[in-house]
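Now for the letters of each chain:
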Amino acid sequence: EVQLVESGGVLVQPGGSLRVSCAASGFTFSSYGMSWVRQAPGKGLEWVSGINPGGGSTGYADSVKGRFTISRDNDKNAVYLQMNSLKSEDTAVYYCAAKYYRPSTNADDYDYWGQGTQVTVSS
C-alpha cells in the first residue's frame, strides 16, 4: 500500500521557521520526483517546490524562492521542506506528492498524495 504521511505543521509567528516532513512507503521512493503542493483557505492547489529522484535538482515557486528549501533522504524514504521567513500568506495545508521520474509544476501530473499538514502563520 502506497502511503505518504506529512507531519510538522503547526502555528508559527510571522518571520518564524518551520520544517515539515513527509514519510513515504509502498513504492520505490528513489525513482520518484517529489513535490510540496499547498492549498490556502478558499484557493486552489499551488505547487511550491520539487526535487528530482536523486536529489540533485530542485525547483521553487517564485512566491517561496529564497525562503524555502526542499530536500530528501532516499535512505529514509523521506522528503522535507524547510520554511524560513514565514509570512501570513504561507498559511495553507501542505501536501507532499510523488510523480514517477521527474517532478512537475502541474498538480494533475502526480501519482500519489499525502493527507496534508496544516501550517498556520499568525501572530
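In short, a report on the structure. (Residues numbered from 1 in each chain as written. Predicted model: local features only at pLDDT ≥ 70, side-chain atom pairs only at ≥ 80, totals over all residues. Heavy atoms only, no water.)

1. Some remarks on the pattern of salt bridges
What counts is decided by this rule: For salt bridges, the criterion is a side-chain nitrogen of Lys or Arg within 4 Å of an Asp or Glu carboxyl oxygen.
Counted under the stated rule, the structure contains four salt bridges. Between Arg38 and Glu46 there is a salt bridge, with its nearest N and O atoms 2.7 Å apart. Across the pair Lys65 and Asp62 runs a salt bridge whose closest N-O atoms are separated by 3.2 Å. Within the structure, one salt-bridge network assembled from shared partners comprises Arg38, Glu46, Arg67 and Asp90.

2. A few points about the nonpolar core
Cut-off, in case you're wondering: We call a set of buried residues a nonpolar core when its members are Ala, Val, Leu, Ile, Met, Phe, Trp, Tyr or Cys and they connect through side-chain atoms within 4.5 Å of each other. Each residue gets one of three labels from its accessible area relative to the maximum for its type: buried under 20%, exposed over 50%, partly exposed in between, using a 1.4 Å probe on protein chains only. Helix and strand assignments follow DSSP, with helices taken as H or I runs no shorter than four residues and strands as E runs no shorter than two, numbered in order from the N terminus. The contact definition used throughout considers only heavy atoms, calling two residues in contact when any of these lie within 4.5 Å.
One finds Leu4, Trp36, Phe68, Val79, Leu81, Met83 and Tyr94 to be the most contacted residues of the largest nonpolar core, which totals 33 residues. Going through the elements one at a time, strand E3 (18-25), strand E4 (32-39), strand E5 (45-51), strand E7 (68-73), strand E8 (78-83), strand E9 (92-100) and strand E11 (117-121) are the ones with two or more residues in this core. Excluding residues within four positions of it along the chain, Tyr94 makes contact with Glu6, Trp36, Val37, Arg38, Val48, Phe68, Leu81, Met83, Gly116, Thr117 and Val119.

3. A short note on the sheet that holds E8
The condition that has to hold: Strand pairing is assigned whenever DSSP identifies at least 2 bridges connecting the two strands. Only the contacting stretch of a helix is used when fitting its axis, a line to C-alpha atoms as for every element, and angles between N-to-C directions run 0 to 180 degrees.
Reading across from one edge, E1-E3-E8-E7 is the order of the four strands in this open sheet, with antiparallel pairing throughout. Since the sheet does not close on itself, it has two edges, and those belong to strand E1 (3-7) and E7, each with one partner. Put simply, the sheet's adjacent strands are angled 15 degrees from each other on average, direction ignored. Two elements, E1 and E3, share five bridges in a ladder whose sense is antiparallel. Looking across to E3, one finds that Glu6 is bridged to Cys22.

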